[in-house]
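Here are the chains, one letter per residue:
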2 protein chains.
Amino acid sequence: MDRDAILLTPGPLTTTLRTKLAMLRDWGSWDADFNAMTAELRAQLLAIVHGEEMHVVVPLQGSGTFSVEAAVATVVPRDGHVLVLDNGAYCKRLGKLATLMGRRTTIHQRAEDEAVSADELEGLLRADSSITHVGFIHCETGTGVLNPLQAVSDVCARHGKGLIVDAMSSFAALEIDARKLQFDALIAASGKCLEGVPGMGFVFVRKSVLARCEGNSHSLAMDLFDQHAYMEKTGQWRFTPPTHVVAALAEAVRQFNEEGGQPARLARYTDNCGTLVRGMADLGFEPFLKPALQAPIIVTFHAPSHPAYQFKAFYEAAKARGFLLYPGKLTQVETFRVGCIGAIGRNEMQQAVNAIGDVLSDMGIRH
Amino acid sequence: MDRDAILLTPGPLTTTLRTKLAMLRDWGSWDADFNAMTAELRAQLLAIVHGEEMHVVVPLQGSGTFSVEAAVATVVPRDGHVLVLDNGAYCKRLGKLATLMGRRTTIHQRAEDEAVSADELEGLLRADSSITHVGFIHCETGTGVLNPLQAVSDVCARHGKGLIVDAMSSFAALEIDARKLQFDALIAASGKCLEGVPGMGFVFVRKSVLARCEGNSHSLAMDLFDQHAYMEKTGQWRFTPPTHVVAALAEAVRQFNEEGGQPARLARYTDNCGTLVRGMADLGFEPFLKPALQAPIIVTFHAPSHPAYQFKAFYEAAKARGFLLYPGKLTQVETFRVGCIGAIGRNEMQQAVNAIGDVLSDMGIRH
């Protein structure tokens, strides 16, 4: 039957029909009605992190990576020095884009099955006073590991270093309270835990920091200082906004608030993750991470060691049953990933586990 | 009544319901079905400019300006020198982004009510042999003026200079034949004359040029060499694609082909433009441009010189009647703009003219 598959991925995710239906309208990007929608969306986003007092939020066209690059380009001065705490693929991407744009960048690597360490950061900052900014991934989607945001923020605050947080896959699911944290920029996107459709990111920037960021960016499109100044002045996006994506996100945020905001979303995803991990354990699957490090966002599983296993065939068989899994992103061990996020609940997770069980039987790998 | 207004703007545009309905599905961005949609879309886009032999097309997340910046960053080497033929706001934007990213940039200014001149270009290239690339806007949306693409391409080809064409508001409406032209890069976007929704751009790049572009870009997200290489290797977008925007564009291109492709679209827009200009003339409105320079995309009109005229009130009154107009972008004379593009035809244009007539009467400015 022609029925949408359930997306068990790190995004794009399964969204509600209500969110998608919000796209059945064309908006004039210069018009007051659209400006009001943008303003309301920005206010709602800011409220999620309690950032009203100290921060602004700057939306940006493109995927989440565009917003990460824009955040680095805007808040790190050209003579700045970024230390990236690296325990996975998205950390490496942050390091790469900072290097490419010409910012001095130091990558500090940890094993992919460990969280980054605030203690190590303490030592690194002591050892090299030229470091001006720390780049940090809240939930490293490459593995699903949860990194210690509060502890890293505390160290940065104590040393007077700017903190840039990629909260792409954690925002709206895990607690992020701008009143307790100190960050220069925190980045997320429409198509993740807010359960909108992909096509825009947004960056929370500390007001006192943004005020000093004019002229930092070598990119016109990615200059968040400019984007913010223009939006404050006119109410409009500087360049053509993805109007339908914005409308879908506004509708998704309404449903997020109706559900009970971040605590409710975390509770649902935690339940999704528990259902998945317990069910997969019964099928003999072992998570790559220790439970204490596992964020309830995306779970990396070791691939079955059975000779009949092949990811491609496994993926296709699960897809034929209505579920899209995700490949692993590790080079050393063979893994695959299953997302716990999107407009899905316990039913969908249990159905997915059951389908994976059926797939194993069919492939002759019940292990 | 709660009915969508008709967008008489340079984009986002009024799209068909069929195009919007294509967004009621969630796609896995890693999945073969989505990859097939991307591949088919790219093939269709390439066919529109007959670029199959000499060019590739690289889609990019974000607004059209992101794709313009990416094109310059990718095809102009870091020690290149860009000459921008400037007769309007979008030319200036191209010059600004090239300057910001550190490329040597020379702006050659013309009056906004004139087309750029291939003869002048000839002289400029003779006078300064350090120029490596020419930046050119096909239809300058600031005024609606049509610039001479073929003649400029011929001059660039004769001098062995790279040509970068911003065809944002002309692509799919005006003839662009890659077999007759010589360009390094030609840029357009989803939410313009293809009548998709906004959220992505795409750049046609000459294969032999792209092959030499590795490492030119200082931006990770905007590196079209990388984006292309990854897409060729995996079938996937390098970073999260705006899946719903892609699906809408694929559906919009199907309707474009069903309508009869570029000649049919040009015929409809030409008819729209004629209906508009004749109707507005009857109301006493004078176009800013001479008829020979007017592209059938967007028309700039002189504002009424009547003391009761105010753009804001005029705009609101037209909006109340169901039509969204567009402000002027000229500093010297007071103007407003009316778009002729999008999923609209003679009926909508005549209704718009009638509504504007009613607005003038109500405002007491029947001039």
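Residues numbered from 1 in each chain as written. Chains lettered and ligands numbered in written order. Predicted model: local features only at pLDDT ≥ 70, side-chain atom pairs only at ≥ 80, totals over all residues. Heavy atoms only, no water.

1. Observations concerning unusual backbone geometry
So, point 1. Omega for the bond connecting Gly11(A) with Pro12(A) falls within 30 degrees of zero, at 0 degrees, which places this linkage in the cis form.
So, point 2. Within the element layout of this structure, Pro12(A) appears in the loop between β1 (6-7) and α1 (17-21).
So, point 3. The phi torsion at Glu195(A) lies on the positive side, around 65 degrees, for a residue other than glycine.
So, point 4. Mapped onto the secondary structure, Glu195(A) falls in the loop between β9 (185-189) and β10 (200-206).
So, point 5. By relative accessible area, Glu195(A) is classed as buried at 6%.
So, point 6. A positive phi angle is found at His50(B), which is not glycine, with a value near 55 degrees.
So, point 7. One can find His50(B) in the loop between α2 (32-48) and β2 (55-61). (Helix = DSSP H or I, 4+ residues; strand = E, 2+ residues; numbered from the N terminus. Buried < 20%, exposed > 50% of the residue type's maximum accessible area, 1.4 Å probe, protein only.)

2. Looking at the interface of chain A and chain B
So, point 1. Listed per partner, the contact involves 57 residues of chain A and 57 residues of chain B.
So, point 2. Overall, the association of chain A and chain B removes approximately 4,800 Å² of surface from exposure, summing both partners, and the carbon and sulfur fraction of that is 62%.
So, point 3. When the area that chain A buries against chain B is broken down by residue, the three leading residues are Asp26(A), Trp30(A) and Leu220(A), summing to 14%.
So, point 4. In this assembly, chain A and chain B are joined by 10 salt bridges.
So, point 5. A salt bridge links Asp4(A) to Arg25(B); its shortest N-O distance comes to 2.7 Å.
So, point 6. At the level of secondary structure, the elements contributing two or more residues to the side of chain A that touches chain B comprise α1, β2 (55-61), α3 (64-75), α4 (89-100), α9 (243-259), α11 (311-320) and β13 (326-327) of chain A.
So, point 7. In terms of residue count, the dominant contributor to the side of chain A that touches chain B is α4(A) (four residues). (Contact = heavy atoms within 4.5 Å. Buried area = accessible area lost by both parts, 1.4 Å probe. Salt bridge = Lys/Arg side-chain N within 4 Å of Asp/Glu carboxyl O.)

3. Considering the relation of the copies chain A and chain B
So, point 1. Taken as rigid bodies, chain A and chain B are interconverted by a rotation of 180 degrees and an axial shift of 0.0 Å, the fit giving an RMSD of 0.0 Å. The symmetry that links the two subunits is that of a two-fold axis. Judged by C-alpha distance, Gly62(A) is the residue of chain A that lies nearest the rotation axis, at 2.0 Å.
So, point 2. Taken as a fraction of all interface residues of chain A, those also at the interface in chain B reach 100%, which identifies the copy contact as same-surface. (Least-squares fit on C-alpha atoms with pLDDT ≥ 70 in both.)

4. Thoughts on the domain arrangement of chain A
Residues and elements named next belong to chain A.
So, point 1. Considered domain by domain, chain A is made up of domain 1 (6-11 + 260-363) and domain 2 (17-258).
So, point 2. Distance from the C-alpha centre of domain 1 to the C-alpha centre of domain 2: 27 Å.
So, point 3. Opposite the 24 residues of domain 1 that make contact, domain 2 presents 28 residues.
So, point 4. Both faces combined, the contact of domain 1 with domain 2 buries some 2,100 Å², and carbon together with sulfur accounts for 57% of it. (Domains from an automatic or database assignment.)

5. Comments concerning the pattern of salt bridges
So, point 1. Evaluated as defined, the whole model comprises 48 salt bridges over all chains.
So, point 2. Arg268(B) is the partner of Glu195(B) in a salt bridge, and the nearest nitrogen-oxygen pair spans 2.9 Å. Of this pair, Glu195(B) sits in the loop between β9 (185-189) and β10 (200-206) while Arg268(B) sits in helix α10 (residues 261-282), and the two are 73 residues apart along the sequence.
So, point 3. What emerges from the salt-bridge pattern is a single network uniting Arg18(A), Glu251(A), Arg254(A) and Glu258(A).

6. Some words on the sheet that holds strand β11 (residues 298-302) of chain B
Residue and element names in this part refer to chain B.
So, point 1. Read across the open sheet, the three strands follow the order β11-β14-β13; overall the sheet is antiparallel. Each end of this open sheet is capped by a strand with a single partner; those strands are β11 and β13 (326-327).
So, point 2. Inspection of the sheet shows β13 paired to strand β14 (residues 335-339) by two bridges, in the antiparallel sense. Looking at the pairing, Pro327 lines up with Phe336 of β14.
So, point 3. Relative to the sheet, α10 contacts β11 and β14, its axis offset from that of β11 by approximately 10 degrees. (Pairing = 2+ DSSP bridges. Axes fitted to C-alpha atoms, helices over the stretch in contact; angles between N-to-C directions.)

7. Things to note about the environment of Pro327(B)
So, point 1. On the secondary structure map, Pro327(B) appears in strand β13.
So, point 2. Sequence spacing of Pro327(B) and Phe311(B) is 16 residues, and the spatial spacing of their C-alpha atoms is 7.5 Å.
So, point 3. Discounting chain neighbours no more than four positions away, the residues touching Pro327(B) are Trp30(A), Phe311(B), Phe336(B) and Arg337(B).

8. Section: the nonpolar core
So, point 1. If you look at the biggest cluster of nonpolar residues, it comprises 116 residues, and the most contacted ones within it are Phe171(A) and Phe171(B).
So, point 2. Phe171(A) has contacts with Leu45(A), Ile48(A), Val49(A), Ile176(A), Leu186(A), Ala188(A), Cys193(A), Leu194(A), Phe202(A) and Phe204(A), leaving out every residue within four places of it along the chain.
So, point 3. Grouped together as the second largest cluster of nonpolar side chains are 72 residues, Cys213(A), Val56(B), Met168(B) and Phe225(B) included. (Core = buried A, V, L, I, M, F, W, Y, C linked by side-chain atoms within 4.5 Å.)

9. Considering the packing of helix α9 (residues 243-259) of chain B against α10(B)
All names here are of chain B.
So, point 1. Packing of α9 against α10 leaves a shortest axis separation of 7 Å and a crossing angle of 85 degrees. As far as their axial angle goes, α10 and α9 are roughly perpendicular. Seen from α9, the contacting residues are Gln255, Phe256, Asn257 and Glu259; seen from α10, they are Gly261, Gln262, Ala264, Arg265 and Arg268.
So, point 2. Considered class by class, the residues forming the contact of α9 with α10 number two nonpolar, four polar and three charged. (Parallel < 35°, antiparallel > 145°, perpendicular 65-115°, else oblique. Nonpolar A, V, L, I, M, F, W, Y, C, P; charged D, E, K, R; others polar.)

10. With respect to the state of the cysteines
Here is the idea: a disulfide is a covalent bond, and it sits between the sulfur atoms of two cysteines.
Residues and elements named next belong to chain A.
So, point 1. Scanning all chains against the criterion turns up zero disulfides over all chains.
So, point 2. Free cysteine Cys139: the closest other cysteine sulfur is in Cys193, separated by 8.1 Å.
So, point 3. The structure places no disulfide on Cys213, whose sulfur is separated from the nearest cysteine sulfur, that of Cys156, by 16 Å. (Disulfide = S-S within 2.5 Å.)

11. With respect to the confidence of the model for chain A
So, point 1. When pLDDT is averaged along chain A, the result is 97; 100% of the residues meet or exceed 70.
So, point 2. Scoring of the predicted complex yields 0.98 for pTM and 0.98 for ipTM. (pLDDT = per-residue confidence, 0-100.)

12. Considering the packing of aromatic side chains
So, point 1. If you walk through the whole model with that rule in mind, you get 27 aromatic pairs over all chains.
So, point 2. Plain terms: the ring middles of Phe285(B) and Phe301(B) are 6.3 Å apart, the flat faces sit at 65 degrees to each other, and that makes the pair edge-to-face. Here the residue Phe285(B) occupies a position in the loop between α10 and β11, and Phe301(B) occupies one in strand β11, the gap between them amounting to 16 residues. The two residues Phe285(B) and Phe301(B) agree in class, both being buried.
So, point 3. Here a set of aromatic residues connected by ring pairs shows up, and it is made of Phe285(A), Phe301(A), Tyr309(A), Phe314(A) and Phe336(A).
So, point 4. Here Arg25(A) stacks its cationic end above the ring of Trp27(A), 5.9 Å away from the centre of that ring. (Phe/Tyr/Trp six-rings, centres within 6.5 Å; stacked < 30°, edge-to-face > 60°. Lys NZ or Arg CZ within 6 Å of the ring centre and 35° of its normal.)

13. A few points about the sheet that holds β10(A)
The strands making up a sheet are joined through hydrogen bonds of the backbone, oriented either antiparallel or parallel.
Residues and elements named next belong to chain A.
So, point 1. Across the sheet, which stays open at both edges, the seven strands sit in the order β2-β10-β9-β8-β5-β3-β4 with mixed pairing between neighbours. Each edge of the sheet is formed by a strand with only one pairing partner; in this case those strands are β2 and β4 (104-109). Across the sheet, the mean angle separating the axes of adjacent strands is 20 degrees when strand polarity is ignored.
So, point 2. In the packing of helix α5 (residues 118-127) onto the sheet, contacts are made with β3 (81-86), β4 and β5 (133-137), and the angle to β3 comes to roughly 155 degrees.
So, point 3. Packing of helix α6 (residues 149-159) onto the sheet brings it into contact with β3, β5 and β8 (162-166), and relative to β8 it is tilted by some 160 degrees.

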